[in-house]
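# Report on the structure
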Amino acid sequence: MSDRPQTPLLDRVNTPADMKGMSDAELAQLAHELRLETVFSVSETGGHLGAGLGVVEMTVAIHAVFDAPKDRLIWDVSHQCYPHKIITGRRDRMRTIRQKDGLSGFTKRSESPYDPFGAAHSSTSISAALGMAVARDLGGAPEHGLGDCIAVIGDGSISAGMAFEAMNNAGHLKKRMIVILNDNDMSIAPPTGAMSSYLSRLYAGAPFQEFKAAAKGAVSLLPPPFQEGARRAKELLKSATVGGTLFEELGFSYVGPIDGHDMDQLLAVLRTVKLRADGPVLIHAITKKGKGYAPAENAADGGHATAKFDFVTGKQKKAPSNAPSYTSVFGKALVEHAAEDSKIVAVSAAMPDGTGLGLMAERYPSRTFDVGIAEQHAVTFAAGLAAGGMKPFCAIYSTFLQRGYDQIVHDVALQGLPVRFPIDRAGLVGADGATHAGSFDIAFMTNLPGMVVMAAADEAELVHMVATAVAYDDGPIAFRYPRGEGVGVEMPEKGEVLEIGKSRLIQEGNRVALLSFGTRLSEVMTAAENLAAKGITPTIIDARFAKPLDEDAILNLARNHEALITIEEGAVGGFGSHVAQLLADNAVFDAGLKYRSMVFPDIFIDQASPADMYAAAAMNAPQIEAKVLETLGIADIATRRA
Ligand SMILES: Cc1ncc(C[n+]2csc(CCOP(=O)(O)OP(=O)(O)O)c2C)c(N)n1
Ligand SMILES: CC(=O)[C@@H](O)[C@H](O)COP(=O)(O)O
Ligand SMILES: [Mg+2]
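Source: prediction; values computed, not measured.

### Points about the environment of lysine 534
Tracing the backbone shows lysine 534 in the loop between helix H20 (521-532) and strand E16 (539-542). The exposure class of lysine 534 is partly exposed, given the 13 C-beta atoms found within 10 Å. With 95 residues separating them in the primary sequence, lysine 534 and leucine 629 have C-alpha atoms 9.8 Å apart.

### Let's talk about the confidence of the model for the protein chain
When pLDDT is averaged along the protein chain, the result is 92; 92% of the residues meet or exceed 70. Per-residue pLDDT stays below 50 along residues 209-235; that stretch engages in 32 contacts with residues further than four places along the chain or on separate chains. Note that pLDDT drops below 50 for residues 637-642; the model gives that stretch seven contacts with residues more than four away or on any other chain. Under the prediction, the complex receives an ipTM of 0.99, its pTM being 0.94.

### A closer look at the UniProt feature "binding site: Mg(2+)" (unreviewed entry) in the protein chain
As recorded in UniProt, the sites labelled "binding site: Mg(2+)" (unreviewed entry) are Asp155 and Asn184. Considering the C-alpha atoms alone, the annotated residues occupy 30 residues of sequence yet fold into one spot, their largest mutual distance being 6.8 Å. Position of aspartate 155 relative to the elements: it lies in the loop between strand E3 (149-154) and helix H6 (161-173). If we skip the residues at most four places from it in the chain, aspartate 155 touches Leu181, Asp183, Asn184, Asp185, Pro191, Ser196 and Leu199. Within the fold, asparagine 184 resides in the loop between strand E4 (177-183) and helix H7 (194-205). The class for asparagine 184 is buried, based on 24 C-beta atoms found within 10 Å.

### Things to note about the UniProt feature "domain: Transketolase-like pyrimidine-binding" (unreviewed entry) in the protein chain
According to UniProt, the feature "domain: Transketolase-like pyrimidine-binding" (unreviewed entry) maps to residues 324-489 in the numbering used here. Along residues 324-489 the backbone is 40% helical and 15% strand, and the end-to-end C-alpha distance reaches 10 Å.

### Regarding the site of ligand 1
Within the structure, ligand 1 sits among 24 residues, and Ala51, Ser122, Gly154, Gly156 and Ser157 are positioned closest to it. Of the residues assigned to the shell around ligand 1, the class counts are nine nonpolar, eleven polar and four charged. The residue makeup of the shell around ligand 1 includes at least three contributed by each of domain 1 (10-303) and domain 2 (326-480).

### A closer look at unusual backbone geometry
A cis amide bond links alanine 68 with the next residue in sequence, proline 69, at an omega value of 5°. Checked against the element boundaries, proline 69 lands in the loop between helix H3 (56-65) and strand E2 (72-75). With an omega dihedral of -5°, the bond running from glycine 256 to proline 257 counts as a cis peptide bond. By the secondary structure assignment, proline 257 is in strand E5 (residues 253-259). Positive phi, close to 65°, is recorded for arginine 98, a residue that is not glycine. On the basis of neighbour count, arginine 98 is assigned to the buried category, with 20 C-beta atoms found within 10 Å. The phi dihedral of alanine 618 is positive, around 60°, even though this residue is not glycine. Along the chain, alanine 618 falls in the loop between helix H23 (610-616) and helix H24 (621-631).

Cut-off values and rules
Residues numbered from 1 in each chain as written. Chains lettered and ligands numbered in written order. Predicted model: local features only at pLDDT ≥ 70, side-chain atom pairs only at ≥ 80, totals over all residues. Helix = DSSP H or I, 4+ residues; strand = E, 2+ residues; numbered from the N terminus. Buried ≥ 20, exposed ≤ 12 C-beta atoms within 10 Å, placed from the backbone. pLDDT = per-residue confidence, 0-100. Contact = placed C-beta atoms within 7 Å. UniProt positions renumbered as here; feature names shortened; annotations may be inferred. Near = placed C-beta within 6 Å. Nonpolar A, V, L, I, M, F, W, Y, C, P; charged D, E, K, R; others polar. Domains from an automatic or database assignment.

In structure tokens form, the structure reads like this:
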């Protein structure tokens, strides 16, 4: 039996054009049905829920008032885009979201003309909307539309540097564009920082209850709303303005705060702004994360992301776990060291729980810093902490660390400061897909002089790497580990400090040496078992370090084996490239060594289960086995196809 909600009005909407004749009351009803459909849909797939529920009315109002895809609607991060997808022709594919060959969990240009800009990393929407507004005014290609450019950005995301850089530029260029600040007073964790307090003060200074009356009055004063003169429309804008806001100082007309769940207010304001805006406008809408679905509203994170769940009870259907997650192993190990070393401090960029720093924040709040969505600042802040004699652990997902790269180069590496980088979500992450893959950190970290780069092969190794990073004070050090559960190995009582640049031998064999960097080691072991049945016993090494390389061990392997294969969970330019360089510099190829590297292919791999993504990258056990056979010249097509 299905709990599928009845959605008669929504059933009539395939694209926003189908909403055009609807009355305001029908639009409010449509929003109600869209909320039900969003909850039902996510209950079957899992995914991002709370943010989408907070923008249901906004989504309907924007699509009712504006004309996408001619008007450009850009969702910041775009984890809140599920309702938008449902009413822009993708409802029938929502059951495929975040799955192999299915819809992306984010906006994606290749997926729909209603997604004019892809996102998943935050705080890009205002820059993109401004670029489109300028292109429009310069007569950009007609197929790209000539309409309004609307960015919807959350209170967490607007605190990032990029958003301010964009507003600074927009205020200067004075182009007509609309920014909707979706202020739910939440990030994934409760928001931190002065900007968040400022937004709360704006709201406290002009509660929207007063504005509500004004908006409703304005609607009744605007029959038909668009025929009213500029004076009345401007009054509406003015009556909604607190005055002297930061946004106005930056050159935006500020409208709000308004109740982002009140369709009357949303429609009135959007219609007026559409009619009268002649430069950058910021509409400040107050919303609630998880709105309208009690389990999400009541969750600590506003139902930010969820596994599949029971639509009626809200109970999540999580798969049982067999081993602790790498994230929790890291968080626990760090706290154990922090108990003995008061110099240890931890920095997170808006992901305290995602990075496992929740425990540290609980035990040592004065030594744990959530700096908000501000990866660049997080890195340089950590550099400052190191320069001040502390031992900072700057814990950022691989994919988000990309944003702090110049800071890693210029502020950390160049000055040789001992910042520790625990890099979570290394490798392919699954449902979040290409935007969240940790593909590049091995390459971009190993290229930096003085940077030590480690990868944990399992959760016990991670404990040793935390201990090593605590002990290492000679410069920056990074250690990477993937999303999800460990492999279930026995955990050490205490982490051992590893010798910098030393690998570990896992299995002695002959003919071929498999040099693994990271958690592919378990796939390598499986491949080795299968190869043993074919009479091949590879030597297996866990490299532990991509920088500095264990040069002696690698050169010895190269000289004592017919073939050497490196394998790592990252793009070209990382571990394998450094090994190849070492081999070339030492003329090992001249002696006839067969060398192969297994790295991610030069494509962005779309979302699927991690195992399927690794299959697409040709990096699971069967493909490792095939690579060995092929390299040794005993290719077994059947194995290769498996
Ligand atoms: C550069 C970057 N850092 C971190 C994240 C992880 N992240 C995704 S959503 C989110 C919270 C965003 O808060 P807000 O903009 O207020 O949106 P809400 O979820 O509250 O609607 C964070 C930190 C990200 N997507 N991009
Ligand atoms: C949208 C976003 O960036 C986050 O919500 C991300 O999806 C979290 O990923 P994890 O589930 O791996 O923490
Ligand atoms: Mg928010």
